[in-house]
Amino acid sequence: MKQIHLAAHFPGVNNTTVWSDPRAGSHIEFSSFVHLARTAERAKFDFFFLAEGLRLREHAGRIYDLDVVGRPDTFTVLAALAAVTGRLGLTGTINSTFNEPYEVARQFASLDHLSEGRAGWNVVTSWDAFTGENFRRGGYLPEDQRYQRAKLFLQAASELFDSWDGGAVVADKPSGTFLRDARAGAFEHHDAQFDIAGRFTVPRSPQGRPVILQAGDSEEGREFAAATADAIFTRHGTLDAGRKFYADVKRRLPAYGREPHQLLVLPAATFVLGDTDAEAEELAGIVRYQQVSGQTAIKFLEQVWNRDLSGFDPEGPLPDVEPVTGTQLAKGRAQTRMYRDPVETVRQWRELAEAKNLSIRDLVVEVSGRQTFVGSPSSVAEAINTYVQEDASDGFILVPHITPGGLDEFADKVVPLLQDRGVFRTEYSGTTLRDHLGIDRSADVAAAERKAR
Amino acid sequence: MVHLAVALDGAGWHPAAWREPDARPDELFHPRYWGDLATEAERGLLDFVTIEDSFGPGPDRTDRVRGRLDAVLIASRVAPLTRHLGFVPTAIATHTEPFHLSKAIATLDYVSQGRAGVRVRIASDPADARHFGRREFPVPLPDLAEEAGDWVEVVRRLWDSWEDDAEIRDAATGRFVDRDKLHYIDFTGRFFGVKGPSITPRPPQGQPPVAVLSHVPEIHRLAARAADLVFLTPHDTGQAGALARELGDLLVFADVEVVLDETEQAARDRRARLDDLAEHSSDALVFTGTPAQLADHLLAWRDAGLSGFRLRPAALPHDLTAITRALVPELQQRGAFRREYESTTLRGLLGLDRPVSRYAGATR
Ligand SMILES: Cc1cc2nc3c(=O)[nH]c(=O)nc-3n(C[C@H](O)[C@H](O)[C@H](O)COP(=O)(O)O)c2cc1C
C-alpha cells in the first residue's frame, strides 16, 4: 500500500480562513506558527507549508478588508520554526518574478543548514504588475516570460546549490587548511534572464538542495513541474478530477528521464470533522456560512459582475443587472482568474439559483469551493486513503480553516486511524524533508535537468 | 551605564581565530554554534548581538574561513532560544528589495517578541554586483549611500504602513481590518519606487532600531539621515569624543576588537600567536589585555561621550566568554552595567521610546 504524505498549510490570507469564530487566534503572532508546526510534528507530518502574496489584495481600488490580512516573511518565520521543531519539513512559497536567484539560493541554502536539512521551496511565478509595484524590478513580466524566468531561475539556483561539493570545508586546524579548493562556490550563468557570475557563499547544505514544489495548473506549469519539481501543489476537489490530473502529470515524467515516484502530487485539502458523519455535515454548513458573510458574498459577486452591487441584499435574489467587462475590480486575488467568461458564469449561476431557490449568500456558499473531507474521523481517514490508493494524489496539504488550533483534532483523531491502517508513519524514519518524502538527494533532479536542456 | 553589544562573525574577527584550541570551525554553518553564542551573550546581559553578512566571495585562498549563511536567518533561527537579547543582523541595501527586508526584520521582531534591529550595509564591490548581474558597477559611493538612505526610508515607511490597531476583527461589519489604518507609502526615488503597504503588520517595536557602521563622511551622513544607532571606529579618546559630538543625535557606539585574557601577558601572547598564523589589519582599535584594563578603557570613552560599545571578539568563543564572564562583572562592580535585563524589547534596552506610526490619523 502506498504511504500517505501529509503537510500542514498555515491558514491565512484567503477566503476560507474563519476569523470571526471565538476560537480563532492571531495570524501573525509567532506563537500561532509554533502551535501549528508543533501539532504537525506531533502528528509526524512531512512538512509545514506557507503560501505567499506580496501585495495586499484590493477591491474596487481599496484594500480588501473582509478576509484575514497580513502575514510574516516566509524565510524568517521558517528559520525561527526550525528552532522549535526537530524533524518537520519547512516549506515556503517564494516567487521567481520579484526575486534574484543569488539571494534566494542563499536564503534556501541557509535555511537548509539552519534546519539541518528540512527546507522546501514552492516555486511560483506570480502574475501581475499590481504586485510588481512593490519592487525595484517594478514590473510586469509578460505571461509568456513568467515560466521562462521561473525555469531559468530554478536552473541558476540549482547551479548555486551545487557550486560547493560536500567535502569542500576541511577545517583542519593543524595544517591551517580551511577549504580544500580556493574556488569553492564558483559559478557562471548566462541566459536570456540572468547574466551572473562569481562565488556562492553558502557551503553545500544537508539536502544539497531544498525540496522543490511547484504550483501552477497550466500546461506550462505542469511541464515545468514534470521537468524539475519533487512535488506539485494543486487543487483538485474530486476523486475523478484528481485521478485525471495525477495521470496527466505522471505521464509527463518519462520525457525527462524520471520515474513516477519522483514527482509527488499533493493537492490542497480542507476538512471538517464531527463525531458522526451527520454532525460533520452540519458543522461544515456552519463553517461555510462563517466563511461567507453577507458582505463577502456581495464582494464575491462583484468580482464576477465587475461592478458595484452594494445595493443588493445578500439574503435576496441574484442581481438583475448584467456583468460589465473590462478592467478587473478585484486585484491580487487568484479567484478572479477562475471566471474568465463572466457573462457565461452569471448565466449558469442564475440557473442554479433559480433551480435551488438560493439567495446571493447561498449561491456563493454553493459555488465558492467546499470542504474536501467532511465526516467522522474514520470516514475522513477512509476517504484520504482512498484518494491516495486510487492514485488521485500522493497525499495532501491540509489547510485548516481556523488558526492556530485547526489541525489539533485531525492530529489526535484521524492520524492514528491512518497509522492503524499502516498507511502513515508512526515515527520519522529520517531527519531530512527528502527522507520524509522518499525522494533522492537530488541526483535524479540533476539528471532530469541535464536532459531537459 | 554603558550599552554593550557583541559583533558575531564566523570564528571571530582575527583571520586565524578558527585555529584556536576551543574554536569550532567545522560547526560554523550549524545552528548549534550560533545558538551557543547567542545564549552566552544573553548570559552576559548584553544589549544585542550583531551578525555580519556580505554577498562578497572573500579572498581566493584555502587558509581562511570562507562561506557564510544569511544573517537575518541566523538571527531568526536563534532568537527563539533567548528571551532578552537583541538581534541586529546585517542587511545589504545595495542589491536587495526593501520590501522583502522590511517584512523580514518585522518578522524577526515578531519571532523575538520585540528584539529585532537591522544593520544596513552598502556593497560597493563589483564582485558582489556580478552575483546579481542587474546593473553597471562600480557606482560612486555618494550614490550608493543615497540609495541606501532611500532603502531605509522605504523599510521604515513599510513598518509604519499598518497602524498598530489596523486589525479590528469587527464581526458586526464583517471587517477584519480597518482599511483606513493601512497606508500606501507611495515612495518614488532615484533608484526605485515602492507602493506598499507592507504585507506584514507593524512589528512589535513599531520601528526596530536601524544601525550603520561608518568610517567616512558620506556614511556619517547616511547614518544621520537613516539610523538610530551608529557604530564608529575611533582609535583614541580624543577621536571618540569628537565623533560622539558630531553624531550625538544618534546612539553612538565604538567598535573595538578585543583579545582578552586573565593577564596582559597571556593576551599579548595569544595575539602574537594569532598574528603569526595570519596577518591581520583592522579598521577598529584592537584591544589586547585584561577585562579590567578594557573596563578602564571603555569607561574613559564613555566619559568622552559614547553611548556604548560593539565589541568584536578576536576569537570565538574565547573572547565572547571573556566579555560575558569577566568584563561584564567588572563593569557591574563599577556600577556601569546592568545586573539584570530591564526590558524585553531592544528599543527598551537602548532607552528608545516606541514611536507611533507616521501615518496615524493620516486619512481620517
Ligand atoms: C494550488 C496553487 C497554489 C498557489 N499558491 C500561490 C501562492 O501562495 N503565491 C503565489 O504567488 N502564487 C501561487 N500560485 C500561483 C501559481 O504560482 C501561478 O502563478 C499561477 O497558478 C499561474 O500559473 P498557471 O497558469 O500555470 O496556473 C498557486 C497556484 C496553485 C495552483
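Criteria and cut-off values
- Residues numbered from 1 in each chain as written.
- Chains lettered and ligands numbered in written order.
- Predicted model: local features only at pLDDT ≥ 70, side-chain atom pairs only at ≥ 80, totals over all residues.
- Heavy atoms only, no water.
- UniProt positions renumbered as here; feature names shortened; annotations may be inferred.
- Pairing = 2+ DSSP bridges.
- Helix = DSSP H or I, 4+ residues; strand = E, 2+ residues; numbered from the N terminus.
- Near = heavy atom within 4 Å.
- Polar contact = N/O pair within 3.5 Å; in protein donor to acceptor, adjacent residues only side chain to side chain.
- Areas by Shrake-Rupley, 256 points an atom, 1.4 Å probe, with all protein chains shown as cover.
- Expected span 1.5 Å × (residues − 1).
- Buried < 20%, exposed > 50% of the residue type's maximum accessible area, 1.4 Å probe, protein only.
- Contact = heavy atoms within 4.5 Å.
- Salt bridge = Lys/Arg side-chain N within 4 Å of Asp/Glu carboxyl O.
- Nonpolar A, V, L, I, M, F, W, Y, C, P; charged D, E, K, R; others polar.

Under Sequence similarities (unreviewed entry), UniProt gives the following word-for-word description of chain B: "Belongs to the NtaA/SnaA/DszA monooxygenase family."

Naming follows an unreviewed UniProt entry, where chain A appears as FMN-dependent oxidoreductase (Nitrilotriacetate monooxygenase family) of Amycolatopsis endophytica. UniProt, in its Sequence similarities (unreviewed entry) section for chain A, records the words "Belongs to the NtaA/SnaA/DszA monooxygenase family."

**Student:** Got a minute to help me understand the sheet that holds strand β15 (residues 330-331) of chain A in this structure?
**Tutor:** Residues and elements named next belong to chain A. Reading across the sheet, the three strands line up as β4-β3-β15 and stay open at both edges, with antiparallel pairing between neighbours. Bordering the open sheet on either side are β4 (62-63) and β15, each of which pairs with just one other strand. Where strand β3 (residues 58-59) and β4 come together, two bridges link them in antiparallel fashion. Paired with E58 across the bridge in β4 is I63.

**Student:** Could you clarify how one ought to interpret the site of the ligand in this entry?
**Tutor:** Residue and element names in this part refer to chain A. Taken together, 17 residues lie around the ligand, and E52, T125, Y147, D217 and S218 are the ones closest in. At a separation of 2.6 Å, an oxygen atom of the ligand approaches a polar side-chain atom of Y147. Interatomic distance of 3.0 Å between a backbone N/O atom of A215 and an oxygen atom of the ligand. Considering the ligand on its own, with 610 Å² of exposed area, one finds that the protein chains cover 88% of that surface. Counting residues per element, the ones that place at least two in the shell around the ligand are α5 (143-161) and β12 (231-234).

**Student:** Help me understand helix α1 (residues 31-43) of chain B in this model?
**Tutor:** Helix length check: α1(B) (13 residues) gives 18 Å between terminal C-alpha atoms against 18 Å at 1.5 Å per residue, within 8%. Within α1(B), burial applies to P31(B), Y33(B), W34(B), G35(B), L37(B), A38(B), E40(B), A41(B) and E42(B). Each element contacted by the buried residues of α1(B) is listed here: α3 (101-114) of chain A together with β1 (3-8), β2 (48-51), α2 (71-78), β3 (86-92) and α10 (318-333) of chain B.

**Student:** Just checking my understanding: could you explain the UniProt feature "binding site: FMN" (unreviewed entry) in chain B for this structure?
**Tutor:** The UniProt record annotates "binding site: FMN" (unreviewed entry) at D53(B) and T90(B). Taken together, the annotated residues stretch across 38 residues yet fold into one region, lying no more than 5.5 Å apart by C-alpha. Within the structure, D53(B) has its side chain in polar contact with the side chain of R106(A) (distance 2.5 Å). T90(B) gets classed as buried once you look at its relative accessible area, which sits at 1%. Leaving out residues up to four positions away in the same chain, T90(B) has contacts with I51(B), E52(B), D53(B), A71(B), V72(B), R119(B) and R121(B). Engagement of the side chain of T90(B) in a polar contact is seen with the backbone oxygen of I51(B), the distance being 2.9 Å.

**Student:** How do you make sense of the interface of chain B and chain A when you look at a structure like this?
**Tutor:** Many descriptions give the size of an interface as the accessible area lost when the pieces come together. Taken together, the contacts link 82 residues of chain B with 78 residues of chain A. Between the two partners, chain B and chain A, sit eight salt bridges. Between R183(A) and D60(B) there is a salt bridge, with its nearest N and O atoms 3.7 Å apart. Remark: the boundary between chain B and chain A carries 41 residue pairs in polar contact (both at pLDDT 80 or more). Contributions of two or more residues to the side of chain B that touches chain A are made by α2, α3 (98-111), α5 (141-160), β5 (167-170), β6 (175-177) and β8 (193-194) of chain B. With 10 residues, the single largest contributor to the side of chain B that touches chain A is α3(B). Across the side of chain B that touches chain A, the residue classes break down as 38 nonpolar, 19 polar and 25 charged.

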